[in-house]
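# A structural walkthrough
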Amino acid sequence: MDIPGFYYDAEKKRYFKIEASSTAPSSASWAAKNVKKRKVQDAAAEDAQRRTHLASSRIRRAGALLNEPLSGGFYAREYGGATTDLQARWFAQGLEFAGSPPLFAEEFAGAGAGAGAGAGAGAGTVLPGCMYVGAQEDKPGLCTVHSSPYLGAGVPLTRGAGLHSTYIARNKLNHIDQGILENNYRLPSPFFPYIEATPPVAQMVTDIKYHKQKNLMLFTTSNRRSALVSYRITLNGDEDPRRPSWLLPTDMSAITSFGDPNMEGYTVVPAPPASPHICAIGTNKGISFLDGTRPHLLTPKQESLQSVFALDYQKSGSGSGSGSGSGNIWRFGGRGRTLVNADIREPATEWTYLNLPCAGITHIRCLEHSEQQVLVAGLENHLGIYDLRFARLRRREEEEEDIRVDTSNYSFRSGSGSGSRGKGKGKGKGKGKDRSQQRKKKNAGTEEQPIIRFEKYRNQADMHIGFAYDSETGIVAAAHDNNDGYGDDDDDGTLGLYSARTGSQLRLCRGFASTSIIRCAQFQTFPGDVSPSLFVGAAARRGHGHVTVLSVNAGAVEEDEVEI
C-alpha cells in the first residue's frame, strides 16, 4: 500500500518517512532525491519487461530448419552455435543408395550360394570377406573392385578361395549402371566379374591393398605357404579412350608369393613413397616388412605381440628426421590389449607400449590432422581416439608382469577362415563375462582411456569386422556386432556412421540383405566427384549383388532400395 509521505523498504519490510534531501544522509534510501530516482528506475524496468513480453509472442522458432544438417548448420554458425561435426553430419545425412552390383564370378556365386555367407546371411548370398576399391583416375564414374568371398565355419576351402575383380560404372544420375560397361567401354573380356587368382595362391585371402607408386596389388592369406602375394596390374598401353586404365583380369604369370614357414598373413599396409619398404604385414608372428625379395620380422618374440590384426603408419608432420610421414613410425596391435608405438629405426627394446581397455584390437588408423592421435577399434564395444601425448607409454622392460588375456570366448581370423563367433555360443555365458570383469578389475589403473569415446559402437567378440575411415569428411564407418558374444544372434547387418571429432553416431545404416556381420567397407571417390562414396560389403535388401554403394545425391532407386 502506497502511503503519501512515506517510503516502503521491501528488504526491511517497514515504512520510513520521506525526509528532505538537505537534512537526510546522502545515501539514505528514504531521502526525497533517492526516492524519486528509484521510482524512475522501477518504471523503466517495468516498461522494459512489458516490451520483452510483447516481443516474445511475435517470435517463432524455426525448429525444423535448424535441425537440418546443412541449412541449419549455416544459420547456427552465423549466430556462433555451430557444431564441430557439421561437415560429417551433412555427409552422413546425404548418403543415398546408388546400387548393389555383383563382385564374384557367376560360376563361383552359383557354387557357393548359401555356403560362404555365414550364419544368417540367407540362401544365395555370398559376402565379401575383404575388398579393395580403386578409382580409374582418367575415367569419370568408373571404379574397379578386387575382392575375396568370406568363409564361414565348415565351408570347404576350394569353395571359398580365390581373388575376384570387376568394374563398377555409374551413370549421370549417380546410380550404378553396369550396362555402361558394355555400351561405352571396350573391355578386355565381356564376361565380368572375373576370377583373378585361384587356389593354392589365393587361398583364404584376409586383406587386399594396392601400392600406387609401384603398381602392385598386394593381398595377404592365412595359407602358411604364401602369407603375402603381389602382382602388377596390367595398365592400358594404347591411347584408346574406350579402354579402362586397368585391364582386368590381370595376367598372373608374374605373380610372386612371400612367406616363411608357419607364417600367416592377416593384414597389409602399403608403405609411403618415402619409405625404403614396399609394405608392412601383420602376421601371426608379429609385424613384418617387405623390401623386395622376402619379408623380415621386427617384432620381439613375445606372446602378447605375435598376432597382429591391425597396423598403420604415422602420416602427418614433416621432415624425415622425426620419422613423420616417412613410414618410420608404426602403430600396431591385435590379440590382447597392447597397442605398440614402434620407431623401426630403433631396436624393438626401445618401442613403447600402451594398454587399452579391450581384449583385442581389430583396426587402427593414424589420424592425419594430429600425428599423435590414433583411432582404435577393438572388442568389448571399444572404439575411441587416443592422444599419445597424454598417454602413459612404457617400454617392455618397464612393464610389470604381462597380463595375458584369456581369449577362449573370442574368435579371431584363422587359417580355417572361421572368423565368426563359432566359439562360446550358448555356453559359458556367465563364465565369459566373469573373466571380462576380473580382467577389468585386475587392470584397473593401468589401462589408458580415450580422449574421444564412441559410445554407441557395438562389437563384443568378433575380430573380422568391417571398418572404414575417411579423413576428408571425418567419418568413421564401423560395422556392428549386435550379439553379446554368448547368446543368439541379433540383427547384425548394420553399419554405424560416426563423427571422428565428437564420437557421436550420425546415422545407423540398415536394410542389407544379410543379417550376419558386415566384414568389409571402404571409402573411395569416383573420378569426377568431390565427395567419397561408401562401399559396404553386403547386398542391399532385395538386391542381387555383393556390395552396396552409397553416394551423396544419388537419389532413390525404386526397384532396389536400402534403408539408411
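It should be noted that the structure appears before, not after, this text.
What you see is a predicted model; the values in this text were computed from it and never measured.

Helices and strands together make up the secondary structure of the protein, namely eight helices and 31 strands. Taken over 564 residues, the protein has a buried fraction of 55%. Pairs at least 24 apart in sequence give 58% of the contacts found in the protein among residues at least 6 apart. Accessible area for the protein stands at about 26,100 Å²; split by element, carbon and sulfur atoms hold 49% of it.

On to the nonpolar core. Ranked by internal contacts, the top residues of the largest apolar core, which has 40 residues, are Leu375, Leu383, Phe454, Val476, Leu495 and Leu497. Examining the composition of this core, we find that five residues originate from one element, strand E26 (residues 475–479), more than from any other. Setting aside chain neighbours within four positions, we find Leu495 in contact with Ala477, Ala478, Ala479, Arg507, Leu508, Cys509, Ile518, Ala521, Leu534 and Val536.

All told, the structure shown has twelve aromatic pairs when counted by the stated rule. Judged by centre distance (6.2 Å) and plane angle (40 degrees), the rings of Tyr132 and Tyr210 are tilted. With Tyr132 in strand E4 (residues 128–135) and Tyr210 in strand E8 (residues 205–211), this pair connects stretches of sequence that are 78 residues apart. Classification of Tyr210 as buried rests on a relative accessible area of 13%. Aromatic side chains Phe526 and Phe535 sit 5.8 Å apart centroid to centroid with 35 degrees between the ring planes, which places their arrangement in the tilted category. For the pair formed by Phe526 and Phe535, the shared burial category is buried. Every member of this aromatic cluster is reached through a ring pair, and the members are Tyr132, Tyr210 and Trp246. One Lys or Arg, Arg170, reaches over the ring of Phe526 and ends 4.4 Å from the middle of that ring. Between the NZ or CZ atom of Arg519 and the centre of the ring of Tyr150, over which it lies, the distance is 4.4 Å.

Cis peptide bonds are those with omega within 30 degrees of zero, and the linkage from Phe192 to Pro193 qualifies with -5 degrees. Summarising the element assignment, Pro193 is placed in the loop between helix H7 (179–184) and strand E7 (194–197). Omega for the peptide link from Leu248 to Pro249 comes to -5 degrees, which places this bond in the cis form. Relative to the helices and strands, Pro249 resides in the loop between strand E10 (228–232) and strand E11 (256–258). Phi at Asn174 is positive, roughly 65 degrees, even though this residue is not glycine. Relative to the helices and strands, Asn174 is located in the loop between strand E6 (163–169) and H7. With a phi close to 60 degrees, Glu380 is a non-glycine residue in the positive phi region. Inspection of the secondary structure puts Glu380 in the loop between strand E21 (373–378) and strand E22 (382–387).

With that out of the way, let us pick up the pattern of salt bridges. Under the criterion given, the structure shown has eleven salt bridges. Arg389 serves as the salt-bridge partner of Asp387, at 2.6 Å between the closest nitrogen and oxygen. Among the residues examined, Asp387 registers a relative accessible area of 5% and is labelled buried. We classify Arg389 as exposed; its relative accessible area is 52%.

Across the sheet, five strands lie side by side as E16-E17-E18-E19-E23; this open sheet has antiparallel pairing. Each edge of the sheet is formed by a strand with only one pairing partner; in this case those strands are strand E16 (308–313) and strand E23 (394–395).

Moving on, we come to the pairing of E8. Most of E8 sits out of view: six of its seven residues are buried. Bridge analysis of E8 against strand E9 (residues 216–221) gives six bridges, and the strand direction is antiparallel. Residue pairing for E9: Lys209 is matched across the bridge by Leu218.

In terms of residue burial, E26 counts as a mostly covered element, since five of its five residues are buried. Linking two consecutive strands that pair antiparallel, namely strand E25 (residues 467–470) and E26, is a turn of four residues; a positive phi of about 70 degrees is found at Gly474 within it. In terms of strand pairing, E26 meets strand E27 (residues 495–499) through five bridges, oriented antiparallel. When the bridges of E27 are listed, Ala479 appears paired with Leu495.

Our next topic: the layout of surface pockets. The method is simple in principle: a probe with the dimensions of a water molecule rolls over the atoms, and the space it marks as empty is what remains. Taken as a whole, the second largest pocket encloses approximately 300 Å³ of empty space. Lining the second largest pocket we find 14 residues, and of these Asp2, Phe6, Tyr7, Tyr8 and Lys39 sit closest to its centre. A total of four residues in the lining of the second largest pocket trace back to one element, the largest contributor, which is helix H1 (residues 32–56). A breakdown of the residues in the lining of the second largest pocket according to their chemical character gives nine nonpolar, one polar and four charged.

This brings us to the sheet that holds E27. Pairing is antiparallel across the open sheet formed by four strands, whose spatial order is E25-E26-E27-E28. Two strands bound the open sheet, and with one partner strand each, they are E25 and strand E28 (505–509). When strand polarity is set aside, the average angle formed by the axes of neighbouring strands in this sheet is 15 degrees. The strands that helix H4 (residues 86–94) touches are E26, E27 and E28; relative to E28, the one it contacts most, it runs at about 15 degrees.

A few words now on the side chain of Ser533. Tracing the backbone shows Ser533 in strand E30 (residues 533–536). Here Ser551 takes part through its side chain, which lies 2.7 Å from a polar atom of the side chain of Ser533. Dropping the residues within four chain positions of it, Ser533 is found in contact with Arg170, Gln522, Phe523, Gln524, Thr525, Phe526, Val549, Leu550 and Ser551.

Parameters at a glance
- Residues numbered from 1 in each chain as written.
- Predicted model: local features only at pLDDT ≥ 70, side-chain atom pairs only at ≥ 80, totals over all residues.
- Heavy atoms only, no water.
- Helix = DSSP H or I, 4+ residues; strand = E, 2+ residues; numbered from the N terminus.
- Buried < 20%, exposed > 50% of the residue type's maximum accessible area, 1.4 Å probe, protein only.
- Contact = heavy atoms within 4.5 Å.
- Areas by Shrake-Rupley, 256 points an atom, 1.4 Å probe, with all protein chains shown as cover.
- Core = buried A, V, L, I, M, F, W, Y, C linked by side-chain atoms within 4.5 Å.
- Phe/Tyr/Trp six-rings, centres within 6.5 Å; stacked < 30°, edge-to-face > 60°.
- Lys NZ or Arg CZ within 6 Å of the ring centre and 35° of its normal.
- Salt bridge = Lys/Arg side-chain N within 4 Å of Asp/Glu carboxyl O.
- Pairing = 2+ DSSP bridges.
- 1 Å grid on protein atoms, 1.4 Å probe; cavity = no way out; pocket = protein on both sides within 12 Å on 5 of 7 lines; lining within 4 Å.
- Points joined across faces, edges and corners; volume = space filled by probe spheres on them.
- Nonpolar A, V, L, I, M, F, W, Y, C, P; charged D, E, K, R; others polar.
- Axes fitted to C-alpha atoms, helices over the stretch in contact; angles between N-to-C directions.
- Polar contact = N/O pair within 3.5 Å; in protein donor to acceptor, adjacent residues only side chain to side chain.

By themselves these figures say nothing about function.
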